[in-house]
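Structural characterization, general
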Amino acid sequence: MKTPSPKDRIIFALDVSTIKEAEELVRLLKDHVGMFKIGLQLFVGEGPKVIDAVLSQSSQTKVFLDMKFHDIPETVRGALKSANMHGVEFVTVHCDEGKGLLKTAVESTGGKTNILGVTVLTSLSKDDLVDIGIGPELRDPEKLVLHRARIAKAAGCYGIVCSGEEVKAVKKEFGDSLVVVTPGIRLAGDKIKNDDQKRIVTPYQAIYDGADYIVVGRPIRNAPDPARAADAIAKEIEQALKDRKKS
Ligand code: C5P
């Protein structure tokens, strides 16, 4: 992996419903973040044409297609064939269907798109893991993330998605052989109304602990000046990278 700059490590979540809103945000932020994440809200609202609309904003624009696929391997293979045609950087597939689905996903990209395995959503706490029936030996989110990261690695995934609380452990075991993308990012002292994210860390902490990229939505989107908020996050990342090198 070519070492990304601080700005390029910011993946902005385009959690809006229309192409018009997405284009406005891309115009505003294309020189301040490294990648735009198209997730379910925008994709279901607008369909695949939204990918081309975002990509056409500039030749530098990169797209992360966050579909979090979770289906039988043949269905996911078909969906990924379509994704391949659009030239996206990352696509997500859930790890909890096991190695077979992840392997099929990796194979069906033909090396054109990087598959990220989603380990444990950052909106889930330890209590939620008990609720959904995860056995006692893996109820600790860090243990479950590591377990699923091993499956992703064995399947040939480019990287994984996990919270900042587990990044250190993942990087300790896998180093640079697994790229880590971390959502659940919150600015120090910033409270978000009705926040659904539970395993959260600051941009500094995520990068200091080893995350390669961070996913940021509301802390940039809700800021009075989103471009300025993104620049402040890039500064935080720059400092974290310096401190990480020293440690
Ligand atoms: O920063 P904020 O909480 O608004 O970011 C929300 C985004 O993070 C959503 O697009 C959601 O899909 C994404 N996310 C993710 N992986 C997770 C949890 C959230 O990509 N494990």
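Notes on the structure follow. Just so it is clear, the model here is predicted, and its values are computed rather than measured. (Residues numbered from 1 in each chain as written. Predicted model: local features only at pLDDT ≥ 70, side-chain atom pairs only at ≥ 80, totals over all residues. Heavy atoms only, no water.)

Some points on the site of the ligand
Not every one of the 16 residues close to the ligand is listed here, only the nearest: Asp15, Lys37, Arg186, Gly217 and Arg218. Here an oxygen atom of the ligand sits 2.7 Å away from a polar atom, N or O, in the side chain of Asp15. Here an oxygen atom of the ligand sits 2.8 Å away from a polar atom, N or O, in the side chain of Arg218. Here the ligand has 480 Å² of accessible area as a free molecule, and 89% of this is covered by the chains. Secondary-structure elements contributing two or more residues to the shell around the ligand are strand S3 (63–69), strand S8 (213–216) and helix H10 (218–221). (Near = heavy atom within 4 Å. Polar contact = N/O pair within 3.5 Å; in protein donor to acceptor, adjacent residues only side chain to side chain. Areas by Shrake-Rupley, 256 points an atom, 1.4 Å probe, with all protein chains shown as cover. Helix = DSSP H or I, 4+ residues; strand = E, 2+ residues; numbered from the N terminus.)

Notes on the nonpolar core
Considering soluble globular proteins, one finds that nonpolar side chains tend to be buried as a cluster. Within the largest apolar cluster, 66 residues are counted, with the highest numbers of intra-cluster contacts made by Leu14, Leu29, Ile38 and Ile220. Per element, the largest residue contribution to this core is seven residues, and it comes from helix H11 (residues 226–246). Other than its neighbours up to four places away in sequence, Leu14 contacts Ala22, Leu25, Val26, Phe36, Lys37, Ile38, Leu42 and Val54. In this structure, Phe90, Val161, Val181 and Val215 belong to the second largest nonpolar core, which totals 12 residues. (Core = buried A, V, L, I, M, F, W, Y, C linked by side-chain atoms within 4.5 Å. Buried < 20%, exposed > 50% of the residue type's maximum accessible area, 1.4 Å probe, protein only. Contact = heavy atoms within 4.5 Å.)

Side note on the sheet that holds strand S4 (residues 90–94)
Around the barrel, which closes on itself, the eight strands sit in the order S1-S2-S3-S4-S5-S6-S7-S8 with parallel pairing between neighbours. When the angles between neighbouring strand axes are averaged without regard to direction, this sheet yields 25 degrees. Sheet topology places strand S5 (residues 114–118) next to strand S6 (residues 159–161); three bridges connect them, and they run parallel. Note on S6: the bridge partner recorded for Gly117 is Ile160. Each of S3, S4 and S5 touches helix H4 (residues 73–84); the most contacted strand, S3, lies at about 170 degrees to it. (Pairing = 2+ DSSP bridges. Axes fitted to C-alpha atoms, helices over the stretch in contact; angles between N-to-C directions.)

Observations concerning the pairing of strand S2 (residues 35–38)
Of the two faces of S2, the one holding Met35 and Lys37 and the one holding Phe36 and Ile38 are both buried throughout. As for the winding sense of the linkage, the β-α-β connection from strand S1 (residues 10–13) through helix H1 (residues 19–29) to S2 is right-handed. (Right-handed = clockwise from strand over helix to strand, strands pointing away.)

Considerations on the side chain of Asp128
Residue position: Asp128 is located in helix H6 (residues 126–131). Only 2.8 Å separates the side chain of Asp128 from the backbone nitrogen of Ser125, close enough to count as a polar contact.

Regarding the pattern of salt bridges
Scanning all chains against the criterion turns up 11 salt bridges. Across the salt bridge formed by Glu46 and Lys49, the nearest N and O atoms sit 3.6 Å from each other. According to the relative accessible area criterion, Lys49 is partly exposed, its value standing at 49%. Notably, a salt bridge pairs Lys198 with Asp128, separated by 2.9 Å at the nearest N-O pair. In this pair, Lys198 sits in the loop between strand S7 (179–182) and helix H9 (203–208) while Asp128 sits in helix H6, placing the two residues 70 residues apart along the sequence. (Salt bridge = Lys/Arg side-chain N within 4 Å of Asp/Glu carboxyl O.)

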